[in-house]
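Take a look at the letters that make up each chain.
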Amino acid sequence: MQDSRWIHDPDQLEAYLRQREASDEAEYAEPSLVRLAVCRIGEQLYAMPADGLKQVCKVESVAYVPGCPSVIAGLIQVGGEILGAVDLAKLLSVEGASDCRKGYAMIYEFGSERIGLLVSAIKEVVEVPVDDICEQDFDQHFAYAVSEIQYFDNKIPYIDLQRALSSLLDLDEEMPV
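Residues numbered from 1 in each chain as written. Predicted model: local features only at pLDDT ≥ 70, side-chain atom pairs only at ≥ 80, totals over all residues. Heavy atoms only, no water.

### Thoughts on the nonpolar core
Here comes step 1: Grouped together as the largest cluster of nonpolar side chains are 37 residues, with contacts concentrated most on I41, M48, M106, Y108 and L117.
Here comes step 2: By residue number, the principal contributor to this core is strand β6 (residues 104-110), which donates 5 residues.
Here comes step 3: When neighbours within four sequence positions are excluded, M106 is seen to be in contact with A37, C39, M48, L53, Q55, I115, G116, L117, V119 and I122.
Here comes step 4: By size, the runner-up hydrophobic cluster in this structure holds 11 residues, among which are V38, V126, I149 and Y151. (Core = buried A, V, L, I, M, F, W, Y, C linked by side-chain atoms within 4.5 Å. Buried < 20%, exposed > 50% of the residue type's maximum accessible area, 1.4 Å probe, protein only. Helix = DSSP H or I, 4+ residues; strand = E, 2+ residues; numbered from the N terminus. Contact = heavy atoms within 4.5 Å.)

This is the structure:
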């Protein structure tokens, strides 16, 4: 009679070793991290993907462009380059937000397009474990928030920039998340 604790078949032994190796790798694997830019719009904190973020600068002035939708703040100059600027407070319908044209511009690159996203303040760029991003059902007010992240003691909305800006920029390609 064979003892059931022992593996006598070479195929079973190989399968057992593969399974054990996979579970050991999973147990000791570094958590998958995602880079996020945390910013403030009005009094509310938001997180956005940081992979397309190229630069952050203080907004000196915004040139108004007649006939543009209200979410387009106008044009800004960044290092000699003229960029379109989107007022994220208006795009996200943030109530009570101060004029973001006196705040900061987050310069994002979407394929060959560069655009400034105007916010009240930039907090930091952080790396958070993917497991800290929680899917949420937000009401209409957070139409572009797809999930939330744990940021210190708070949960803050994670904005899907692809969805938020796709109607403004003709985005055909996927942006980094």
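### Details of the pattern of salt bridges
Here comes step 1: What the rule picks out here adds up to 5 salt bridges.
Here comes step 2: Salt-bridge contacts for R114 lead to E81; the nearest nitrogen and oxygen are separated by 3.0 Å. Separated by 33 residues along the polypeptide, R114 in strand β7 (residues 113-119) and E81 in strand β5 (residues 81-87) bring together distant segments of the chain.
Here comes step 3: Residue class for E81 comes out partly exposed when judged on its relative accessible area of 31%.
Here comes step 4: Measuring nitrogen to oxygen at the nearest pair gives 3.7 Å for the salt bridge that ties E109 to R114.
Here comes step 5: Members of the salt-bridge network, linked through shared partners, are E81, E109 and R114. (Salt bridge = Lys/Arg side-chain N within 4 Å of Asp/Glu carboxyl O.)

### Things to note about a nonpolar patch on the surface
Here comes step 1: There is a patch of nonpolar side chains on the surface, built from L13, Y16 and L17 and spanning about 270 Å² of accessible area.
Here comes step 2: Along the polypeptide, L17 turns up in helix α1 (residues 10-28). (Patch = residues over 30% accessible without salt bridge, like charges linked within 9 Å, V, L, I, M, F, W, Y side chains within 5 Å. Areas by Shrake-Rupley, 256 points an atom, 1.4 Å probe, with all protein chains shown as cover.)

### Thoughts on the pairing of strand β10 (residues 145-151)
Here comes step 1: A large share of β10 lies buried, amounting to 5 of its 7 residues.
Here comes step 2: Direction of pairing for strand β9 (residues 133-135) relative to β10: antiparallel, over a ladder of 3 bridges. Among the inter-strand pairings, E135 is bridged to a residue of β10, identified as S147.
Here comes step 3: Pairing of β10 with strand β11 (residues 154-159), which is carried by 6 bridges, proceeds in the antiparallel orientation. In the strand pairing of β11, E148 is matched with P157.
Here comes step 4: Here β10 folds back onto β11, and the loop between the two strands holds 2 residues, one of which, F152, carries a positive phi near 55 degrees. (Pairing = 2+ DSSP bridges.)

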